[in-house]
Amino acid sequence: MDLINKEFYRTNVTLRITALWAFSEAFMGGILHGLKIPFAGLVLAFIASVCMTLIALGESNKGAVLKATLLVIAVKFILSPHTPPMAYVAVLIEGLAGELLFMNRRIVKPAAFILTLFCQLYSAFQHLLILTLVFGKGLWQSIDIFLNKITQSFVKDAVHYSLYIILIYLTCYLIAGIAGGFLNIHIINRVRSGNQANLLLQQLNDLPPVQDTFPEAAKKRKRFTVFFGALMVVMLVLSYLPFFSSSFSKYAIAELLIRGIIILLVWNYFITPLLRMQLQKWVARYKEKNNNSLQQVIALLPGIRVILQQSWQLSQQPTQWQRFKSFINNTVLLIVHHEQ
């Protein structure tokens with residue numbers, strides 16, 4: 001197999017890591033969807049935390065993480081201009097958190113753990129906030145009524161099912177954040193232990209030539225909003241049945257649906273274009289001052305794709321979790337590798 005172009009390794013390591021982060025933000029979600037890897041949002045948040053950790057590990061200057069964050073946002077907008085504005089806000093908030101946590105470079109490992117946990121939980125809370133803003137508190141009340149009606153034959157007292165759903169949802173992200181935090185620390189140890197990429201490069205050399213193992217990036221869907229919107233439609237239909245009609249108001253469900261539709265229309269056709277216009281102006285100003293860095297990162301993206309593809313081939317493991325760990329480790333070691 002052809003190895004990574006040597007020109008790739010003549011660039012600054014921080015720029016390579018920034019390019020990995022930018023590639024992840026712009027394309028990785030679609031690639032993970034195409035590979036049928038579940039919980040792509042968890043993976044993207046974890047990659048962002050790893051990239052910020054590696055930047056803090058290699059750069060002693062304050063502001064390095066924030067500088068890389070702004071570069072990632074600009075590259076993301078240039079490559080994916082139709083990405084929802086909240087995605088850029090999420091990157092900025094994660095970057096600000098990373099900059100604050102890594103202000104003291106002597107506590108990199110605890111900061112890396114906390115940052116990974118924060119990125120995961122922020123992603124979870126963002127989804128819940130969007131649902132509440134779109135459908136209102138009535139969404140959770142309707143879910144409680146709906147599920148209590150179904151379970152009333154064997155559960156006497158009313159149960160706040162929506163609260164348990166939210167807690168289970170947040171617990172999943174909490175567990176992912178804790179596991180990701182320990183994996184992030186493991187990556188720090190691997191990087192600090194020495195240059196192990198040469199062995200990986202030799203293994204790559206022994207692999208037979210293959211076609212591109214990554215599918216074309218698929219369009220990401222707003223699964224949460226679509227799912228809960230469909231749930232509202234189902235509950236509206238069920239509210240017409242005699243079994244539900246006594247305690248499950250069709251008008252309340254219709255109100256939630258109308259509210260959601262109005263908010264989405266206003267957001268998509270009024271607020272989003274205004275935010276995108278302002279972001280476009282900022283990117284234009286940023287490009288004037290940082291065009292060289294932008295062009296360098298964009299030029300590195302094909303090399304990032306090659307590394308990701310080859311890392312995926314090397315990470316043949318019996319379980320999906322083990323393969324993911326191997327894939328992340330291989331990717332990081334190949335990207336931070338110093339050409340001898």
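These numbers were taken from a predicted model, which means no experiment stands behind them.

Caption draft 1: Quick peek at the overall build of the protein chain. Within the protein chain, the secondary structure is distributed over 12 helices and zero strands. Starting at the N terminus and ending at the C terminus, the protein chain contains elements arranged as α-α-α-α-α-α-α-α-α-α-α-α. A total of 340 residues make up the protein chain; the buried ones form 46% of that total. For the protein chain, the proportion of contacts with a sequence separation of at least 24, taken over those separated by at least 6, is 78%.

Caption draft 2: Quick look at the environment of Ile166. With respect to the secondary-structure elements, Ile166 resides in helix H7 (residues 161–192). Distance in space between the C-alpha atoms of Ile166 and Trp140 is 9.6 Å, their sequence separation being 26 residues. When near neighbours in sequence (up to four residues on either side) are disregarded, Ile166 contacts Leu128 and Trp140.

Caption draft 3: Local environment of the packing of aromatic side chains. Counted under the stated rule, the structure contains eight aromatic pairs. Summarising the aromatic geometry, the rings of Phe77 and Tyr88 are spaced 6.0 Å apart at their centres and angled 55° between planes, so their arrangement reads as tilted. You can see Phe77 sitting in helix H3 (residues 64–79) and its partner Tyr88 sitting in helix H4 (residues 85–101), a full 11 residues away along the chain. Here Phe77 matches Tyr88 in class, with each residue buried.

Caption draft 4: View of the nonpolar core. In this structure, Trp21, Met52, Phe102, Ile187, Ile304 and Ile328 are the most contacted members of the largest nonpolar core, which totals 61 residues. Going through the elements one at a time, helix H1 (13–34), helix H2 (40–58), H3, H4, helix H5 (108–135), H7, helix H11 (250–314) and helix H12 (320–335) are the ones with two or more residues in this core. Judged by nonpolar contacts, the second largest core, of 13 residues, contains Ala124, Val134, Leu139 and Tyr169.

Caption draft 5: Quick peek at the side chain of Thr83. Among the structural elements, Thr83 can be located in the loop between H3 and H4. Within the structure, the side chain of Thr83 is placed 2.9 Å from the backbone oxygen of Ser80, a separation counted as a polar contact. Beyond its immediate chain neighbours, meaning those up to four positions away, Thr83 contacts Lys76, Tyr88 and Arg276.

Caption draft 6: Region of the structure containing H2. Spanning 19 residues, H2 covers 27 Å between terminal C-alpha atoms, matching the ideal 27 Å at 1.5 Å per step. Counting buried positions over the 19 residues of H2 gives 16, a clear majority of the element.

Caption draft 7: The arrangement of the environment of Val283 in detail. Secondary-structure assignment places Val283 in helix H11. The sequence separation of Val283 and Ile73 amounts to 210 residues, and the corresponding C-alpha distance is 8.5 Å. The contact partners of Val283, leaving out residues within four places of it in the chain, are Ala74, Phe77 and Ile78.

Rules used throughout
Residues numbered from 1 in each chain as written. Predicted model: local features only at pLDDT ≥ 70, side-chain atom pairs only at ≥ 80, totals over all residues. Heavy atoms only, no water. Helix = DSSP H or I, 4+ residues; strand = E, 2+ residues; numbered from the N terminus. Buried < 20%, exposed > 50% of the residue type's maximum accessible area, 1.4 Å probe, protein only. Contact = heavy atoms within 4.5 Å. Phe/Tyr/Trp six-rings, centres within 6.5 Å; stacked < 30°, edge-to-face > 60°. Core = buried A, V, L, I, M, F, W, Y, C linked by side-chain atoms within 4.5 Å. Polar contact = N/O pair within 3.5 Å; in protein donor to acceptor, adjacent residues only side chain to side chain. Expected span 1.5 Å × (residues − 1).

Taken by themselves, the reported measurements are silent on function.
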